[in-house]
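This is what each chain is made of:
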Amino acid sequence: MSVDPTRVGVIVVAAGAGERLGHGIPKALVQCAGRTLLEHALDGVFAAAVAGHVRVVVPAGAAKLRSIVEAQRQPRVTVSAVDGGASRPESVRAGLDALPDDVDIVLVHDAARALTPPQVFRAVVTAVRNGAAAVVPGIAVSDTIKVVEGNTVTSTLDRTSLRAIQTPQGFDAATLRAAHGASRSDSVITDDAMLVESLGIPVSVGQGDPLAFKVTTPNDLMLAEALVHQARRYAREQQ
Ligand code: CTP
Ligand code: MG
């Protein structure tokens, strides 16, 4: 089914401090193979070409990030920067408030998942367009996951039913607005799908991608840099 991009919005949340990365600057501003993580993330969003509206949520007062957003020029896409909040859900709400009222699909994407391939965005939009209220990309878990209390294992989860969930997460716009309207403590909310789940609305899982990993620690940044260099080498070889 074809998708009218003017009715699709993407919120790119980039207002985090990046404490675990430890560069002392917002993570979205950290360089990865010569470009900021935010620029890499926006490349994927624009290459997907699914949305007519992109709102990038940046830390309040982050002039450099704001100017990166304001320098983006995309035909038929409105792009603007919005001040974020102290928690990720607050930042998502700021992005949501900045989207036009008539968007009917909203994707929420972590800028920290800077190398997410365009096809992940397309698959998520298609799934929502085909009727899912909420869709998340997921990948199989390779570690054994145990539940621990104190220093003691209380159970071991069945890995075959576990998925590591990524972004972009896609929603019917009214569902996402309702989910964010319900009050609860932001501190335990690690993604938007959790809010939808708590309303009792089913969340579908689509195919994620290893390249949609989140740059969280210095190791992740090293991996991202190596992957960007490898992709550039490959592109040169194809010329
Ligand atoms: N995020 C946000 N607003 C916040 C917190 C997080 O927009 N108040 C965004 C981050 O910018 C990131 C995404 O949510 O793109 C996922 O968060 P995370 O990986 O935890 O990034 P940070 O919060 O920046 O990192 P840390 O927790 O290590 O400080
Ligand atoms: Mg964080």
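A brief structural summary.

Let's shift gears to the site of ligand 1. Among the 18 residues in the neighbourhood of ligand 1, the closest are listed as Val13, Glu19, Arg20, Ser91 and Lys214. One of the backbone N or O atoms of Val13 is found 2.7 Å from an oxygen atom in ligand 1. Gly85 has a polar backbone atom sitting 2.9 Å from a nitrogen atom of ligand 1. Contact with the protein chains covers 86% of the free accessible surface of ligand 1, which is 560 Å². Split by residue class, the shell around ligand 1 holds seven nonpolar, five polar and six charged.

What follows covers unusual backbone geometry. Following Thr167, the chain continues into Pro168 via a peptide bond in cis, with omega recorded as 10°. Note that Pro168 resides in the loop between strand E10 (163-165) and strand E11 (169-172). Despite not being glycine, Ala33 has its phi angle at roughly 50°, a positive value. Within the secondary structure, Ala33 sits in the loop between strand E2 (31-32) and strand E3 (35-36). According to the relative accessible area criterion, Ala33 is buried, its value standing at 11%. Unusually for a residue other than glycine, Ala49 sits at a positive phi of about 55°.

All right, on to the environment of Ala173 then. Following the sequence through the fold, Ala173 ends up in helix H5 (residues 173-181). Between the C-alpha atom of Ala173 and that of Val8, which follows or precedes it by 165 residues, the distance is 8.9 Å.

Right, let's talk about the packing of helix H1 (residues 37-48) against helix H4 (residues 118-129) for a bit. The geometry of H1 relative to H4 is characterised by a closest axis approach of 8 Å and an angle of 50° between their N-to-C directions. The orientation of H1 with respect to H4, classified from their angle, is oblique. Regarding H1 and H4, the two cross each other, and that crossing is right-handed. Where H1 abuts H4, its residues Gly44, Val45, Ala47 and Ala48 lie against Pro118, Phe121 and Arg122. Within the contact of H1 with H4, the residues separate by chemical class into five nonpolar, one polar and one charged.

Let us now look at the pairing of strand E7 (residues 134-140). Burial within E7 is extensive, with five of its seven residues counted as buried. The pairing of E7 with E11 spans two bridges and is classified as antiparallel. Residue Ala134 lies in a different strand from E11, and its bridge partner there is Phe171. The sheet contact formed by E7 and strand E12 (residues 204-207) spans four bridges and is parallel. Following the sheet pairing, Gly138 is matched in E12 by Gln207. By the bridge criterion, three bridges tie E7 to E10 in an arrangement that is antiparallel.

This part covers the nonpolar core. Val12, Leu38, Val54, Val56 and Leu65 are the most contacted members of the largest nonpolar core, which has 44 residues in total. For this core, the secondary-structure elements that each account for two or more residues are strand E1 (8-13), H1, strand E4 (53-58), helix H2 (63-70), strand E6 (105-110), H4 and helix H7 (218-238). With 18 residues, the next largest nonpolar core counts Val103, Val108, Phe171 and Ala173 among its residues.

In a structure, side chains of opposite charge can pair up when their charged atoms sit close to one another. Scanning the entire structure with this criterion turns up eight salt bridges. Among the salt bridges present, the one from Asp104 reaches Arg7, with a minimum N-O distance of 3.5 Å. Of the two residues, Asp104 sits in the loop between helix H3 (88-97) and E6 while Arg7 sits in the segment before E1, which places them 97 residues apart along the sequence. Taking the shortest distance from any N to any O, the salt bridge between Asp110 and Arg113 comes out at 3.1 Å. The pair Asp110 / Arg113 is uniform in exposure class, with both members buried. A single salt-bridge network, built from bridges that share partners, covers Arg88, Asp110, Arg113 and Asp192.

What counts, and at which threshold
Residues numbered from 1 in each chain as written. Chains lettered and ligands numbered in written order. Predicted model: local features only at pLDDT ≥ 70, side-chain atom pairs only at ≥ 80, totals over all residues. Heavy atoms only, no water. Near = heavy atom within 4 Å. Polar contact = N/O pair within 3.5 Å; in protein donor to acceptor, adjacent residues only side chain to side chain. Areas by Shrake-Rupley, 256 points an atom, 1.4 Å probe, with all protein chains shown as cover. Nonpolar A, V, L, I, M, F, W, Y, C, P; charged D, E, K, R; others polar. Helix = DSSP H or I, 4+ residues; strand = E, 2+ residues; numbered from the N terminus. Buried < 20%, exposed > 50% of the residue type's maximum accessible area, 1.4 Å probe, protein only. Axes fitted to C-alpha atoms, helices over the stretch in contact; angles between N-to-C directions. Parallel < 35°, antiparallel > 145°, perpendicular 65-115°, else oblique. Left-handed = near helix turned anticlockwise from the far one by under 90°. Contact = heavy atoms within 4.5 Å. Pairing = 2+ DSSP bridges. Core = buried A, V, L, I, M, F, W, Y, C linked by side-chain atoms within 4.5 Å. Salt bridge = Lys/Arg side-chain N within 4 Å of Asp/Glu carboxyl O.

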